[in-house]
Amino acid sequence: TSSPLKRPVFGMLAMLLVTGVLIEALGQDPSKLPSTAKTSIVELLRKQHEVVSQLVKVQSDAYRRGEVSIDAVVHAHHELVEVELELAPTDAERIKLRERAVQLARDFEKVATAKYKAGQASQADVLKSQATRLSAEIRLLRERHKIEKN
């Protein structure tokens, strides 16, 4: 049998190998992937969507209880949008997702600003929320520009 220290190392190596294969596959044009690769990637993306959706709920609940910062909630929502973009079959759906991300970022910015004014958040929280909103707006404009070019 292998030692207790070797098992986690082998597990991590296997995880890194699988992750590398997925990253390489996701970086390719899906139409060029073999049918089985497309199917497994979509299945994994759907599973990832389920997990990240749960993470959004858990982080949002923890934020309401004051256990995590707004950053944790924003990050979880960002991850969810990215997975949904991977699953979006049309340009119109991608634009809707980007627009939703902008609105969500605006909402987080309002919350951070209100909490800052009430003495419950720092100026850094406000600045981070502003940066997040600006990033979302830039991504939306880039997505629209990409569609217009095609």
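Residues numbered from 1 in each chain as written. Predicted model: local features only at pLDDT ≥ 70, side-chain atom pairs only at ≥ 80, totals over all residues. Heavy atoms only, no water.

Here the focus is the overall build of the chain. Secondary structure assignment for the chain yields five helices and zero strands. Written out in order from the N terminus, the α and β elements of the chain read α-α-α-α-α. Counting all 150 residues of the chain, 27% fall into the buried class. The contacts of the chain with a sequence gap of at least 6 include a subset with a gap of at least 24, amounting to 54%. (Helix = DSSP H or I, 4+ residues; strand = E, 2+ residues; numbered from the N terminus. Buried < 20%, exposed > 50% of the residue type's maximum accessible area, 1.4 Å probe, protein only. Contact = heavy atoms within 4.5 Å.)

For the rest of this paragraph, the subject is the side chain of arginine 98. With respect to the helices and strands, the residue arginine 98 is situated in helix 4 (residues 91-117). Relative accessible area serves as the criterion here: at 10%, arginine 98 is assigned to the buried category. When near neighbours in sequence (up to four residues on either side) are disregarded, arginine 98 contacts Glu82, Leu85, Arg139, Leu140 and Glu143.

Our next topic: the pattern of salt bridges. Per the stated rule, a full pass over the model turns up 13 salt bridges. With its nearest N and O atoms 3.6 Å apart, the salt bridge here joins arginine 98 to glutamate 82. Of the two residues, arginine 98 sits in helix 4 while glutamate 82 sits in helix 3 (residues 70-87), which places them 16 residues apart along the sequence. Judged by relative accessible area, glutamate 82 falls into the partly exposed class, the value being 29%. For glutamate 143, the salt bridge goes to arginine 98, with nearest N and O atoms at 3.6 Å. Placement of glutamate 143 in helix 5 (residues 123-149) and of arginine 98 in helix 4 is noted, with a sequence separation of 45 residues between them. (Salt bridge = Lys/Arg side-chain N within 4 Å of Asp/Glu carboxyl O.)

Before going further, it helps to spend a moment on the layout of surface pockets. There is about 220 Å³ of room inside the second largest pocket. What lines the second largest pocket is a set of 16 residues, among which Val74, His78, Thr132, Ala136 and Arg139 lie closest to the centre. Those elements giving two or more residues to the lining of the second largest pocket turn out to be helix 3, helix 4 and helix 5. Looking at the lining of the second largest pocket element by element, the count peaks at six residues for helix 3. Looking at the lining of the second largest pocket residue by residue, the class counts come to eight nonpolar, five polar and three charged. (1 Å grid on protein atoms, 1.4 Å probe; cavity = no way out; pocket = protein on both sides within 12 Å on 5 of 7 lines; lining within 4 Å. Points joined across faces, edges and corners; volume = space filled by probe spheres on them. Nonpolar A, V, L, I, M, F, W, Y, C, P; charged D, E, K, R; others polar.)

Here we come to helix 4. In this model helix 4 runs 39 Å from its N-terminal to its C-terminal C-alpha over 27 residues, within 8% of the 39 Å that 1.5 Å per residue would give. Taken together, the buried positions of helix 4 are Arg94, Ile95, Leu97, Arg98, Ala101, Val102, Ala105, Phe108, Glu109 and Ala112. Among the residues trailing helix 4, glycine 119 stands out with phi positive, at a value near 80°. (Expected span 1.5 Å × (residues − 1).)

This part takes up the packing of helix 4 against helix 5. In contact at an axis separation of 8 Å, helix 4 and helix 5 are set at 165° when each is read in the N-to-C sense. The orientation of helix 4 with respect to helix 5, classified from their angle, is roughly antiparallel. Note that helix 4 runs across helix 5; the crossing there is left-handed. (Axes fitted to C-alpha atoms, helices over the stretch in contact; angles between N-to-C directions. Parallel < 35°, antiparallel > 145°, perpendicular 65-115°, else oblique. Left-handed = near helix turned anticlockwise from the far one by under 90°.)

Next up on the list: the environment of glutamate 50. Structurally, glutamate 50 is set in helix 2 (residues 35-64). Owing to a relative accessible area of 54%, glutamate 50 belongs among the exposed residues under this scheme. For glutamate 50 and valine 83, which are 33 residues apart along the polypeptide, the C-alpha to C-alpha distance reads 9.9 Å.

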